[in-house]
Amino acid sequence: MLLVRTVAEWRAALAALPRPVGLVTTMGALHAGHRSLAEAARAECAGVGATIFVNPRQFAPTEDLARYPRPLDADLALLEAAGVDVVFVPDVGVMYPEGFATTVRVGGPAEAGLEAAVRPGHFEGVATVVTKLLLQARAERAYFGRKDAQQAAVIRRLVADLDIPMEVVVCPTVREPDGLACSSRNAYLTPAQRAAAPALFRALSAGRDRFRSGFQQRERLESATRALLEAEPAFEAVEYVAAVDADTFAPLQRGPGLLVAAVRLGGVRLIDNVVLD
Ligand code: PAF
């Protein structure tokens, strides 16, 4: 696996790969969810590129940019084992050189509340860096996880709106054996919080089962799921629970859609979702 640090090297390395090329963008601190994205790209594409870049523009000043884990050697080993051909690890100055003055602001799902409301500015940071990463790479496909479903909807929207010639592939959420969705931020959980955390997926799964059994009135589905989450004492706040359209993130009118939720345990936020089908 080749490691490159400049845009020119990255472009040259990807241009030399056989087509189609699959791209996996990450912020490092990689886990089984990232590995599944790299493996999907490896299985479906002739060449695979990955990026590791902790993007400061998608963190609010109050968030965890400074303490975000950066285990580079372990990340490189995981990507290499998954069959990645080239990895791009730029410095902040490579992505945002002196004078950088452009922001990509997406409407639609990026202005539909939920993550956008709890993390103002977050999707502008994500859209700006993802647009750069996609245009730098000029890959045929880019792989994202469904755990960050609103982010995936924002990326699908921007790729369609800006005519970026790339297929966005959204892969299933990878979970720990007890149901907790894999996330780099799970490392912040104390043992007691970690033990309580699967209650998020249990509540969402119970909501999905109710939906499947015909209990489809949106407000009642949301309030029943919220009640389950509020019954978990370790969840200090239930930030949102919503049944939404998977593309627009507007309130779900009729299925299929997603049931999404975010909870807070101490300083840690957990987000997750299930498909309402
Ligand atoms: O999902 C992530 O890891 C990040 O938001 C992304 C897409 C790599 C952009 O920094």
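Note that the structure is predicted; figures quoted are calculated from it, not measured.

K.L.:
Looking at this structure, I do not really get the layout of surface pockets. What am I missing?
P.N.:
Roughly 230 Å³ of internal volume is contained in the second largest pocket. Lining the second largest pocket are 16 residues; nearest its centre among them are Ile52, Phe53, Val54, Arg70 and Val89. Among the residues making up the lining of the second largest pocket, the classes are represented as 11 nonpolar, 1 polar and 4 charged.

K.L.:
How do you make sense of the packing of aromatic side chains when you look at a structure like this?
P.N.:
Geometrically, a pair of aromatic rings is defined through the distance of the ring centres and the angle of the planes. Counted by the stated rule, this structure contains 4 aromatic pairs. Summarising the aromatic geometry, the rings of Phe53 and Tyr96 are spaced 6.1 Å apart at their centres and angled 55 degrees between planes, so their arrangement reads as tilted. In this pair, Phe53 is assigned in the loop between strand E3 (47-52) and helix H3 (72-81) and Tyr96 in the loop between helix H4 (92-95) and helix H5 (115-118), connecting sequence segments 43 residues apart. No difference in accessibility class separates Phe53 from Tyr96, as the two residues are buried. Judged by centre distance (5.0 Å) and plane angle (70 degrees), the rings of Tyr96 and Phe100 are edge-to-face. Look at Tyr96 and you get buried, because its relative accessible area is 10%. Counting every residue linked through ring pairs, the aromatic cluster contains Phe53, Tyr96 and Phe100. Positioned over the ring face of Tyr96 is Arg57, at 4.4 Å from the centre of the ring.

K.L.:
Just to check I follow, could you spell out the site of the ligand for this structure?
P.N.:
In the vicinity of the ligand, the residues found are Thr25, Thr26, Met27, Asn55, Gln58, Val129, Val130 and Gln151. Contact distances for the ligand include 2.6 Å between an oxygen atom and a side-chain N or O atom of Gln58. Look at the ligand: alone it shows 290 Å² of surface, and the protein chains cover 89% of it. Elements supplying a minimum of two residues to the shell around the ligand: strand E2 (21-26) and helix H6 (122-137). Looking at the shell around the ligand residue by residue, the class counts come to 3 nonpolar, 5 polar and no charged.

Definitions and limits used
Residues numbered from 1 in each chain as written. Predicted model: local features only at pLDDT ≥ 70, side-chain atom pairs only at ≥ 80, totals over all residues. Heavy atoms only, no water. 1 Å grid on protein atoms, 1.4 Å probe; cavity = no way out; pocket = protein on both sides within 12 Å on 5 of 7 lines; lining within 4 Å. Points joined across faces, edges and corners; volume = space filled by probe spheres on them. Nonpolar A, V, L, I, M, F, W, Y, C, P; charged D, E, K, R; others polar. Phe/Tyr/Trp six-rings, centres within 6.5 Å; stacked < 30°, edge-to-face > 60°. Helix = DSSP H or I, 4+ residues; strand = E, 2+ residues; numbered from the N terminus. Buried < 20%, exposed > 50% of the residue type's maximum accessible area, 1.4 Å probe, protein only. Lys NZ or Arg CZ within 6 Å of the ring centre and 35° of its normal. Near = heavy atom within 4 Å. Polar contact = N/O pair within 3.5 Å; in protein donor to acceptor, adjacent residues only side chain to side chain. Areas by Shrake-Rupley, 256 points an atom, 1.4 Å probe, with all protein chains shown as cover.

These results come straight from atomic positions and should not be treated as a statement about function.
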